[in-house]
Amino acid sequence: MKSNHAIKWLYAVPKKKKLYILGLMIVQALHGASGVLYALLLRGIVDHATAHDKSGFWLYVVYTVMLVLGQIGLRAVIRWLNEFSRSTFENIFKARLMRNILQKDFASVNMVFCSVRSAMVH
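In this text the structure is predicted, and so the values were computed from the model without any measurement.

Reading the values: rules and limits
- Residues numbered from 1 in each chain as written.
- Predicted model: local features only at pLDDT ≥ 70, side-chain atom pairs only at ≥ 80, totals over all residues.
- Heavy atoms only, no water.
- Patch = residues over 30% accessible without salt bridge, like charges linked within 9 Å, V, L, I, M, F, W, Y side chains within 5 Å.
- Areas by Shrake-Rupley, 256 points an atom, 1.4 Å probe, with all protein chains shown as cover.
- Salt bridge = Lys/Arg side-chain N within 4 Å of Asp/Glu carboxyl O.
- Helix = DSSP H or I, 4+ residues; strand = E, 2+ residues; numbered from the N terminus.
- Axes fitted to C-alpha atoms, helices over the stretch in contact; angles between N-to-C directions.
- Parallel < 35°, antiparallel > 145°, perpendicular 65-115°, else oblique.
- Left-handed = near helix turned anticlockwise from the far one by under 90°.
- Nonpolar A, V, L, I, M, F, W, Y, C, P; charged D, E, K, R; others polar.
- Expected span 1.5 Å × (residues − 1).
- Contact = heavy atoms within 4.5 Å.
- Phe/Tyr/Trp six-rings, centres within 6.5 Å; stacked < 30°, edge-to-face > 60°.
- Buried < 20%, exposed > 50% of the residue type's maximum accessible area, 1.4 Å probe, protein only.
- Polar contact = N/O pair within 3.5 Å; in protein donor to acceptor, adjacent residues only side chain to side chain.

A. View of a nonpolar patch on the surface. On the surface, Leu19, Ile21, Leu22, Met25, Ile26 and Leu30 cluster together to form a nonpolar patch covering roughly 570 Å² of accessible area. Assignment of secondary structure puts Met25 in helix α2 (residues 18-50).

B. The arrangement of the packing of α2 against helix α3 (residues 54-103) in detail. At a minimum axis separation of 9 Å, α2 and α3 run at an interaxial angle of 165 degrees. Classified by the angle their axes make, α2 and α3 are roughly antiparallel. Between α2 and α3 lies a crossing whose hand is left-handed. The residue inventory of the contact of α2 with α3, partitioned by class, reads 23 nonpolar, 13 polar and two charged.

C. View of α3. The end-to-end C-alpha distance of α3, which contains 50 residues, comes to 73 Å, matching closely the 74 Å that a straight helix rising 1.5 Å per residue would cover. On its buried side, α3 packs onto α2.

D. Layout of the packing of aromatic side chains. A full pass over the atoms with the stated rule returns five aromatic pairs. Taking 5.2 Å as the distance between ring centres and 80 degrees as the angle between the ring planes, the aromatic pair formed by Phe57 and Trp58 counts as edge-to-face. Overall, the relative accessible area of 53% leaves Trp58 in the exposed class. Among the aromatic residues, ring-to-ring pairing joins Tyr20, Trp80 and Phe84 into one connected group.

E. Summary view of the side chain of Gln71. Looking at where Gln71 falls in the secondary structure, it is placed in helix α3. Beyond its immediate chain neighbours, meaning those up to four positions away, Gln71 contacts His31, Ser34, Gly35 and Tyr38.

F. Structural context of unusual backbone geometry. Although it is not a glycine, His52 adopts a positive phi angle of roughly 60 degrees. Here His52 is to be found in the loop between α2 and α3. The exposure class assigned to His52 is exposed, which follows from its relative accessible area of 72%.

G. Just the pattern of salt bridges, in detail. Scanning the entire structure with this criterion turns up two salt bridges. Across the pair Glu83 and Arg86 runs a salt bridge whose closest N-O atoms are separated by 3.5 Å. Residue Glu83 and its partner Arg86 are located together in helix α3, separated by three residues, close to a single helical turn. When its relative accessible area of 48% is taken as the criterion, Arg86 is described as partly exposed.

H. Representation of the environment of Ser34 in the model. Residue placement: Ser34 occurs in helix α2. Ignoring anything within four residues of it in the chain, the contact list for Ser34 reads Leu67 and Gln71. A polar atom in the side chain of Ser34 sits 2.9 Å from the side chain of Gln71.

This is how it looks when you write it as structure tokens:
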């Protein structure tokens, strides 16, 4: 099996910032599970409506409205976490890139390039 160094690098560089991704995964899992709960609540509405149970019907309607409001809130949290983690990771990678660019010895790289270029011209 071929080892993938890029994935290892992506895992190692952000350090503790990976928790943002974990949080995003948990919130998305909750949002996905709320879809199942939504189906169960709708089934409860139909069951109580066919049984002519007004109090049970309205109770399930209130639960469904609360769930929809909760789903809207979860979507807002998902969007926020998505942008927050994306910008955090982007800033980490850009800062690392700039730090590496500023710390390298580009004079020696330029000298090698110029000597190779001059050899090609002559």
